[in-house]
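Structural characterization, general
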Amino acid sequence: MTKFVAMYLRVSTFDQAHNGYGLGDQEVQCRKYIDLYFPNDEVKIYKDDGYSAKNLSRPDMKRMLDDVYKRKIHTIVAFKLDRLTRSVIDTYKLIKTVMEYDCSLVAVVDRIDISSANGRMLVGILSVISQWEREVISERTVAGLEQMVRSGKYPYGGRNPFGWTRDKNVLKVVPEEAEIIKDMTYKFVYEGYGIDDLRIYIDKTYGIKKKWYFIRNCLINKRNIGIFEYRGVEYDDVVPAIIDKELYDKAVEKATHRNVSMPHQEMYLFHGIVHCKCGKRCDHVSTVKTKNKYRHTYYYYWCPKCNKRVNQDKLLNQIVIPLGLHINSNKTSEQLKKLEDDLLFFKDRRSQILDDYINGNIDVTTYDLSMKKVKKMIFDIGKKIKEFDESGIRQLIYADRVTKRKLIQTHISYITYDFELGDVTNIVYKTKK
């Protein structure tokens, strides 16, 4: 197999702006060298446009090394050594690799050829200098940004953070966007809205379409309370606050508590909504017991402060009736209204029949027959109303786990459990969305 010459070209945004190492310029210089020393050899060009040299993770660098491993290349020609890499470790790794696979490496401007001992020594020296230069540039950039932050300025370019705008790198609150953040946080903390609920809500209310991770970040970002984090240090004079710390802390607590693996979370019907009387949100715990050779998992809600727990089934039994009635009360059914109107009508009719009999307007036979029919109608309508009232309860009792969880999470925002009494003492229902 005939080997070929590999020409490697690389440029980053910084190089283009400051050093003039354009891809075209590099190719011209490399081509002159190849025409002089390898005029009859095939040449293949590998080009990484806009990639840093801090490591070897570049598309065409990887493709070129793959051809080296296949022993297709006999010489790699680059404009300068730092076009290949600026890392000392990667430089030696590259030299070791090309030598192992019978390949040579040439840096035209640096006049380096690793086929000689002096060339390999010079590569080491230049790579140390190149890495030092890159690190100095990086340190200077970081130092400059840190100085901006210390002086109360926002160090990042690009888009403004949602809720603020910039005036010469000084952040100012955008009232309309800040109000949206406040609204979302309040609904998340106090009205039982989930992340996806908020996504739908802000789309309908404000006409803003955002992904779930944007909304979660809006809720828990410390910028909301006037704290800006940069390289592990918190600054309190870079960004003006939007919400108070108490509301923010509750949002963070709820968002953190909700961050449970989905398969495990789905088993908890009351995920994130059970609170102890002491005010602490209850955590999830479970136990596995063997009964009749079968393993059963039991789910509990545990207060870390009081060190007490309640079984999920017990909790469900206590909320079935109130939640079922709540679900039913939210229905706006014409059927129920008609039944109630019919019941009033036949009760009035019963009184009228009795008055007619007392006043001698009807005989006893007519009275008995008419009263029997009316009482039956009252009984039948009453039975239907009772069944209608209990429909929400029956829906909960006979539903599968997934449906029960959906009903609970849809309607309940907050449950308070008193471990001393062993009873649910308060249920806060979600407001209609």
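What comes next concerns the included structure. Note that the structure is predicted; figures quoted are calculated from it, not measured.

A word on helix H9 (residues 212-220). All of the buried residues in H9 are Ile215, Cys218 and Leu219. Relative to the axis of H9, the buried residues are bounded by an arc of 95° and lie together on one face.

Further remarks concern the pattern of salt bridges. Scanning the model with the defined rule gives 18 salt bridges in all. Residues Asp203 and Lys209 are paired through a salt bridge, measuring 3.1 Å at the closest nitrogen-oxygen approach. On the basis of relative accessible area, Lys209 is assigned to the exposed category, the value being 67%. Between Lys376 and Asp380 there is a salt bridge whose closest N-O contact spans 2.9 Å.

Enumeration according to the criterion identifies 12 aromatic pairs in this entry. Where Tyr33 meets Tyr37, the ring centres are 4.5 Å apart and the plane angle is 35°; that geometry is what we call tilted. In this pair, Tyr33 and Tyr37 both sit in helix H2 (residues 23-37), 4 residues apart, roughly one turn of the helix. On the accessibility criterion, Tyr33 (18% relative accessible area) is buried. Ring plane angle 45° and centroid distance 4.9 Å describe the contact between Tyr186 and Tyr190, whose orientation is recorded as tilted. In this pair, Tyr186 and Tyr190 both sit in helix H7 (residues 175-190), 4 residues apart, roughly one turn of the helix. With relative accessibility at 36%, the residue Tyr190 sits in the partly exposed group. Site record: aromatic cluster; members linked through ring pairs are Tyr268, Phe270, Tyr299 and Tyr301. Positioned over the ring face of Phe214 is Lys210, at 4.5 Å from the centre of the ring. For the cation-ring pair, Arg309 lies above Tyr300, with the distance from its terminal atom to the ring centre recorded as 3.9 Å.

Where strand S11 (residues 283-291) and strand S12 (residues 294-303) come together, 9 bridges link them in antiparallel fashion. Paired with His284 across the two strands is Tyr301, which belongs to S12. Hairpin connection of S11 to S12: 2 residues between the antiparallel strands, including Asn292 at a positive phi of 55°. Both S12 and strand S13 (residues 308-311) contribute to a ladder of 4 bridges, which runs antiparallel. Within the sheet, the bridge partner assigned to Trp302 lies in S13 and is Arg309. Where S12 hands over to S13, the hairpin turn is made up of 4 residues, of which Asn307 adopts a positive phi near 55°.

Rules used throughout
- Residues numbered from 1 in each chain as written.
- Predicted model: local features only at pLDDT ≥ 70, side-chain atom pairs only at ≥ 80, totals over all residues.
- Heavy atoms only, no water.
- Buried < 20%, exposed > 50% of the residue type's maximum accessible area, 1.4 Å probe, protein only.
- Helix = DSSP H or I, 4+ residues; strand = E, 2+ residues; numbered from the N terminus.
- Arc of directions from axis to C-beta.
- Salt bridge = Lys/Arg side-chain N within 4 Å of Asp/Glu carboxyl O.
- Phe/Tyr/Trp six-rings, centres within 6.5 Å; stacked < 30°, edge-to-face > 60°.
- Lys NZ or Arg CZ within 6 Å of the ring centre and 35° of its normal.
- Pairing = 2+ DSSP bridges.

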